[in-house]
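# An overview of the molecular structure
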Amino acid sequence: MARSAILNVMVQAAMKAGRSLARDFGEVQNLQVSLKGPGDYVSQADRKAEDIIFAELSKARPGYGFLMEERGAVEGEDSQHRWIVDPLDGTTNFLHGIPVFSISIALERQGQIVAAVIYNPAMDELYTSERGGGAFLNDRRLRVSGRAKLSDAVIGCGVPHLGRGHHGNFLLELRNVMGEVAGVRRLGSAALDLAYVAAGRMDGFWETALSPWDVAAGILLVREAGGFVSDGKGGQDMLDGGSIVAGNETIHRSLLKTLKKPVTPR
Ligand code: 2AM
Ligand code: CA
């Protein structure tokens with residue numbers, strides 16, 4: 001599988017930051033047992049990973065702008081290009097020693113996502129995609145699942161927590177979905193949820209109240225693996241609107257419909 005120069009830059013940045021996160025993750029597992037706990041340590045790990053990615057990408061393409069979880073928006077001279085980066089998606093998992101977290105890097109050109117990398121350093125799984133070039137896990141080409149019925153489908157979701165999201169609304173959505181599917185999963189990293197949909201591991205995924213850096217890379221991966229992605233209303237405002245629904249063509253359509261069904265007691 002030949003990668004373009006720009007995708008190589010993104011992969012190198014993700015792997016370098018991934019090595020840093022993996023070292024810190026090993027330490028977090030020790031800190032679990034200490035009294036102080038890993039809280040501050042994890043935010044440092046997060047910032048370190050972001051600094052590495054910022055340095056690598058700035059060196060390779062000095063003019064490009066950034067939208068990063070910690071730094072926020074950084075204007076570049078080149079208004080056509082922007083990196084959208086989450087240096088640690090799945091922070092709560094990382095903090096608890098659960099090896100389900102990722103680095104997410106997307107490149108936007110003229111408002112369109114053209115390249116994407118999601119890397120889970122704990123499992124050494126590297127997801128890459130370029131617009132028009134397909135999606136890959138390490139060197140294997142990805143395809144969304146072929147399951148057509150919700151009753152056969154495993155659906156990922158995000159669960160709102162303390163201080164975040166509409167808890168009541170989520171419960172209504174979950175009630176609709178869990179009555180129709182084979183299983184519901186909650187990984188805790190939206191970027192990995194989307195990568196898993198691209199890989200056909202999960203048949204669909206929905207979540208609300210997300211940020212652009214959680215989903216930018218995953219959107220391209222799912223599409224390049226033959227899947228469909230929309231916001232919760234079926235529109236295309238996933239980056240700024242915060243809600244997302246993904247799946248193969250059939251599951252995406254059914255999931256959108258099921259999420260919006262008026263709830264009937266049963
Ligand atoms: P994070 O680990 O980078 O915070 C889990 O449901 C998903 O929601 C993860 O991708 C997580 O990203 C994201 N998330 C958690 N808290 C969030 C918040 N307050 N605002 C936006 N996204 C959040
Ligand atoms: Ca995130």
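For the structure itself, consult the block above.
These remarks concern the structure in this document. Nothing here was measured: the structure is a model prediction, and the numbers come from that model. Just so you know, the residues in each chain are numbered from 1, in the order the chain's sequence is written. The lettering of chains begins at A and the numbering of ligands begins at 1, in the order of writing. Residue-level local features of this predicted model are given only where pLDDT is at least 70; pairs of side-chain atoms are given and counted only at 80 or more, and the full residue set underlies all totals for whole chains, interfaces and linings. Processing note: side-chain calculations cover all non-hydrogen atoms of the structure and skip hydrogens and water entirely.

## Considerations on the overall build of the protein chain
Counting from the N terminus, the helices are DSSP H or I runs at least four residues long and the strands are E runs at least two residues long. If you tally the helices and strands in the protein chain, you get eight helices and 13 strands. Radius of gyration here is computed from C-alpha atoms only, and the compact-globule reference equals 2.2 Å multiplied by the residue count raised to the power 0.38. Relative to the compact-globule value of 18 Å for 266 residues, the protein chain shows a C-alpha radius of gyration of 18 Å, a close match. Expressed as lengths along the three principal axes of its C-alpha atoms, the size of the protein chain is roughly 55 × 50 × 35 Å. Across the 266 residues of the protein chain, 52% fall into the buried class. The buried label goes to any residue with under 20% of its type's maximum accessible area, the exposed label to any with over 50%, and the partly exposed label to all in between, with areas taken from a 1.4 Å probe on protein chains only.

## Thoughts on the environment of A195
In this fold, A195 is placed in helix 5 (residues 190-198). Once the C-alpha coordinates of A195 and A217 are considered, the two residues, 22 residues apart in sequence, prove to be 8.8 Å apart. Residue contacts are counted whenever heavy atoms from the two residues lie within 4.5 Å of one another. Those residues in contact with A195 that lie beyond four places of it in its chain are I118, Y127 and L221.

## A few points about the site of ligand 1
If a single non-hydrogen atom of a residue is within 4 Å of a molecule or strand, that residue counts as near it. The immediate surroundings of ligand 1 are formed by 17 residues, with D89, G90, T91, A190 and E207 found nearest. Within the contact set of ligand 1, an oxygen atom lies 3.2 Å away from a side-chain nitrogen or oxygen of E69. Here a polar contact is taken to be a pair of N or O atoms separated by no more than 3.5 Å, where protein atoms must pair a possible hydrogen donor with a possible acceptor and residues adjacent in sequence count only if both atoms sit in side chains. Between ligand 1 and D86, the relevant distance is 3.3 Å, taken from an oxygen atom to a side-chain nitrogen or oxygen of the residue. Here the shell around ligand 1 gets three residues from one element, more than from any other, and that element is strand 3 (residues 78-89). Across the shell around ligand 1, the residue classes tally to four nonpolar, six polar and seven charged. Three classes are used, and their members are as follows: Ala, Val, Leu, Ile, Met, Phe, Trp, Tyr, Cys and Pro are nonpolar, Asp, Glu, Lys and Arg are charged, and the others, Gly among them, are polar.

## Overview of helix 5
Of all nine residues making up helix 5, nine are buried, and the element is well covered by its neighbours. For helix 5, the set of buried residues is A190, A191, L192, D193, L194, A195, Y196, V197 and A198. Just past helix 5, the residue G200 takes up positive phi, approximately 75°.

## Some remarks on the sheet that holds strand 9 (residues 154-157)
Pairing between strands requires that DSSP locate at least two bridges from one strand to the other. One open sheet holds the five strands; their spatial order is 10-9-11-13-12, and the pairing between them is mixed. Each edge of the sheet is formed by a strand with only one pairing partner; in this case those strands are strand 10 (183-185) and strand 12 (228-230). Taking each pair of neighbouring strands and ignoring which way they run, the sheet shows an average axis angle of 15°. Sheet analysis places strand 9 next to strand 11 (residues 204-207), joined by three bridges and oriented parallel. By the bridge assignment, G156 is partnered in strand 11 with F205. Of the strands in this sheet, strand 9, strand 11 and strand 13 (244-247) are in contact with helix 5, which crosses strand 11 at around 155°. Every axis in this analysis is a line fitted to C-alpha atoms, fitted for helices over the stretch in contact. Angles between the N-to-C directions lie between 0 and 180 degrees.

## Re the pattern of salt bridges
Salt-bridge detection follows one rule: a side-chain nitrogen of Lys or Arg within 4 Å of a carboxyl oxygen of Asp or Glu. In this structure the tally under the stated criterion is 11 salt bridges. A salt bridge links K16 to E56; its shortest N-O distance comes to 3.1 Å. Of the two residues, K16 is situated in helix 1 (residues 5-31) and E56 in helix 2 (residues 39-60); the sequence distance between them amounts to 40 residues. On the accessibility criterion, K16 (37% relative accessible area) is partly exposed. By relative accessible area, E56 is classed as buried at 15%. A single network of salt bridges, built from pairs that share partners, joins K16, E56 and K59.

## Some remarks on the coordination of the calcium ion (ligand 2)
Each protein donor to the calcium ion (ligand 2) is listed here as D86 (OD), D89 (OD) and D214 (OD); together their distances run 2.0 to 2.2 Å. Only N, O and S atoms count as donors, using a 2.8 Å limit from the metal and a wider 3.2 Å limit for Na, K and Ca, and since water is excluded some coordination spheres may look unfilled. Between the donor residues of the calcium ion (ligand 2), the gaps in sequence give the motif D-x2-D-x124-D. With D86 in strand 3 and D214 in helix 6 (residues 212-224), this pair connects stretches of sequence that are 128 residues apart. Both residues of the pair, D86 and D214, count as buried.

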